[in-house]
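Inside the fold
Below, each chain spelled out in residue letters.
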Amino acid sequence: MKDVINDLKISCSQCSLGDICIPRGLSKTEVKTLSDVVKQKTILYQNEYIYRQGDKFKGIFAIQTGMAKLVTIDPNGDEHILSILLPGELLGFDGLGDTHSCSAIALNTINVCELPRNRIEQACHKVPNLTYELFRHSSDILNDTQTHLVTAKLSGEQKIAKFMLDLSNRLQARGFSKSEFRLPLTRNEIGNHLGLAIETVSRLLKQLQQKKLLDIQLREVTILDYDGLMQIAHKDSNEEV
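Okay, so let's go over this structure. Note that the structure is predicted; figures quoted are calculated from it, not measured.

**A closer look at the packing of aromatic side chains**
Within this structure, the stated rule accounts for one aromatic pair. With centroids separated by 6.0 Å and ring planes inclined at 35°, the aromatic side chains of Tyr51 and Phe61 adopt a geometry described as tilted. In this pair, Tyr51 sits in strand E2 (residues 49–51) while Phe61 sits in strand E3 (residues 59–65), placing the two residues 10 residues apart along the sequence. Residue Tyr51 shares its accessibility class with Phe61, and that shared class is buried. Across the ring face of Tyr49, the terminal group of Arg52 is positioned such that the distance to the ring centre comes to 3.7 Å. Seen from the ring of Tyr226, Lys178 lies directly overhead, with NZ or CZ sitting 3.8 Å from the centre.

Take a look at the structure:
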């Protein structure tokens, strides 16, 4: 069993996500040093928690394979989906104040790498540029949050178009198809994430299919007209559909 576990490990220097994940901007020597500090290949299954809202800060995590969602629970006990996390993206920054303000949940079978809390200072000491890279990642997350706030003011059709384009672009950056992919969320979860009723999500998706912009079979998406989606996403009108 020990040999199998060792065979499963992929160091930061071997990982194909180096240009997206923690190693981006680091030299080869720094990446090799980082590999000795990062805990690799924790496997989690659908609906398992990477961490829970209220947990003590555990460290910074990176999705190696699979997808996860970041959610928060309001005082009424309702879940709100804040973001979808793809391979190479980091999470855990919401716990830097000592406890996590969100929960991170696997959407399917995922592998995560961890920079444990008790190793962060050691890692930053050994790899001086790591501090700057972690700041860059936290800044990216802040920018994504601001983008989500702006999106909340758009029409329903614009929200759906932007959601599809965002997934498409992010998957393409990871070497996947930009035109064919599986939705990581159910229609109900998409509505939760975008602030739309599930009936509205279903109606708008049907409209986009009728306009020959998308084809959706269950959760399998084919983008038929990327430019057409772009026109909807960036149109001037903010009227609700």
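Okay, back to it.
**Examining the packing of helix H5 (residues 156–173) against helix H6 (residues 187–194)**
Helix-helix packing is described using two parameters, namely the angle between the two axes and the distance between the axes. It is the contact of H5 with H6, at a shortest axis distance of 11 Å, that shows an interaxial angle of 110°. In terms of their interaxial angle, H5 and H6 are classed as roughly perpendicular. Every residue of H6 that contacts H5 at Lys159, Ile160 and Phe163 is listed here: Ile190, His193 and Leu194. Class assignment of the residues belonging to the contact of H5 with H6 gives a composition of four nonpolar, one polar and one charged.

**Section: the sheet that holds strand E11 (residues 220–223)**
Taken in spatial order, the three strands of this open sheet run E9-E11-E10, and their pairing is antiparallel. Looking along the sheet, the strands with just one partner apiece sit at the ends: strand E9 (180–182) and strand E10 (214–217). Going across the sheet, the axis of each strand differs from the next one's by a mean of 20°, ignoring polarity. Sheet topology places E10 next to E11; four bridges connect them, and they run antiparallel. What sits directly across from Ile216, in E11, is Val221.

Rules behind the numbers
- Residues numbered from 1 in each chain as written.
- Predicted model: local features only at pLDDT ≥ 70, side-chain atom pairs only at ≥ 80, totals over all residues.
- Heavy atoms only, no water.
- Phe/Tyr/Trp six-rings, centres within 6.5 Å; stacked < 30°, edge-to-face > 60°.
- Helix = DSSP H or I, 4+ residues; strand = E, 2+ residues; numbered from the N terminus.
- Buried < 20%, exposed > 50% of the residue type's maximum accessible area, 1.4 Å probe, protein only.
- Lys NZ or Arg CZ within 6 Å of the ring centre and 35° of its normal.
- Axes fitted to C-alpha atoms, helices over the stretch in contact; angles between N-to-C directions.
- Parallel < 35°, antiparallel > 145°, perpendicular 65-115°, else oblique.
- Contact = heavy atoms within 4.5 Å.
- Nonpolar A, V, L, I, M, F, W, Y, C, P; charged D, E, K, R; others polar.
- Pairing = 2+ DSSP bridges.

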